[in-house]
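Each chain, letter by letter, is given below.
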Amino acid sequence: MSDDRVLLRDESLRGVDLHLGYHGTTVVRGASIALRPGAVTALVGPNGSGKSTLLRALARLHPIGGGSVLLADGSAAAGLPAREFARRVTLLAQSRPVPSGVTVRDVVGYGRHPYRGRWRADDPDGPAAVGRAMEVTGVTAMADRPVDELSGGELQRVWLATCLAQDTPVLLLDEPTTFLDLRYQVEILDLMRDLADDHHVAVGVVLHDLNQAAAVADEVVLLHNGRVRAAGAPVDVLTEDALTETYGIRIEVTTDPVSGIVTTRPVGRHLTRLPA
């Protein structure tokens, strides 16, 4: 984030009564979601529940069959020019094409595209933004390496750095901890909280790990069969009844009496045995 300008943001993003589908088949039905400045909103649910489709619709990357995506002032996101929208919202997708023969620094620099005119010199804040993004994601040491030589986890951090270099008040992340080892999973979750708490960014993230969602999110949106099953604070949404019904397997839920953080535990046939 830029150090020489006010960091608090008033931007937010809302999806209202969204209907989304593929090839005539509706997969998201009447879903509404609000991403608030300074808050992390986690979308959870089984595979095929519509989490990633909903996130992509918020990023204007999936056509909307019904409903609308609105900015903080109530204007339709669809009415903004692409460059202006890209200065407000960025998305870390599940997968991106890997360019050949391009360095990490250059890929992270792609995030500055919305701020550039015809020449790179038109973006005076660019080098500093790229440097900060690489530093916070731990990829500075590999800045000159070609990205097609990186591991899956390293590449995931590079793409996240690209999104951070874009410096938007709304950040959408689709399964950002995929391919990462435990250390970087924790660091990415910490980074999401830093962006929300310290920079007032509105963060929307798709997560499969319910415990990660409970630990990092201010609000959880639970999707089931393309509908919002529940939305609210983790302790109110991640209940045994709601999760067991949604996932089709018994899920035990405990709440830490001190921190209030929810912990979930799916119970399979071999997970109920007591130690000998």
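From a predicted model like this one, the values you see are computed outputs, not experimental measurements.

## Thoughts on the packing of aromatic side chains
- One pass over the structure, following the stated rule, counts zero aromatic pairs.
- Sitting over the face of the ring of Phe-85, Arg-60 holds its NZ or CZ atom 4.3 Å from the ring centroid.
- Taking NZ or CZ as reference, Arg-157 lies 3.7 Å from the ring centre of Tyr-184, over its face.

## Regarding the environment of Asp-256
- Mapped onto the elements, Asp-256 comes out in the loop between β10 (251-255) and β11 (262-266).
- What makes Asp-256 partly exposed here is its relative accessible area of 35%.
- A polar contact of 2.8 Å, which involves the side chain of Asp-256, links it to the backbone nitrogen of Val-258.

## A word on the confidence of the model for the protein
- This prediction gives the protein a mean pLDDT of 90; 92% of its residues lie at or above 70.
- Of the regions scoring below 50 in pLDDT, residues 1-8 engages in 16 contacts with residues more than four places distant in sequence or in other chains.

## Quick look at helix α4 (residues 126-136)
- Listed as buried for α4 are Gly-126, Ala-129, Val-130, Ala-133 and Met-134. Mapping the buried residues of α4 onto a view down its axis gives an arc of 130 degrees, with all of them on the same face. In this structure, α4 carries Pro-127 and Glu-135 as exposed residues pointing more than 90 degrees from its buried face.
- Close packing links the buried residues of α4 with α3 (104-109) and α5 (152-165).
- In the stretch just after α4, Gly-138 is the one whose phi turns positive, near 75 degrees.

## Focus on helix α9 (residues 240-247)
- Those residues of α9 lying buried are Ala-242, Leu-243 and Thr-246. For α9, the angular spread of buried residues about the axis comes to 90 degrees, placing them on one side.
- Close packing links the buried residues of α9 with α7 (210-216), β8 (219-224), β9 (227-232), α8 (234-237), β10 and β11.
- After α9 finishes, the residue Gly-248 shows a positive phi value of roughly 70 degrees.

Calculation criteria
Residues numbered from 1 in each chain as written. Predicted model: local features only at pLDDT ≥ 70, side-chain atom pairs only at ≥ 80, totals over all residues. Heavy atoms only, no water. Phe/Tyr/Trp six-rings, centres within 6.5 Å; stacked < 30°, edge-to-face > 60°. Lys NZ or Arg CZ within 6 Å of the ring centre and 35° of its normal. Helix = DSSP H or I, 4+ residues; strand = E, 2+ residues; numbered from the N terminus. Buried < 20%, exposed > 50% of the residue type's maximum accessible area, 1.4 Å probe, protein only. Polar contact = N/O pair within 3.5 Å; in protein donor to acceptor, adjacent residues only side chain to side chain. pLDDT = per-residue confidence, 0-100. Contact = heavy atoms within 4.5 Å. Arc of directions from axis to C-beta.

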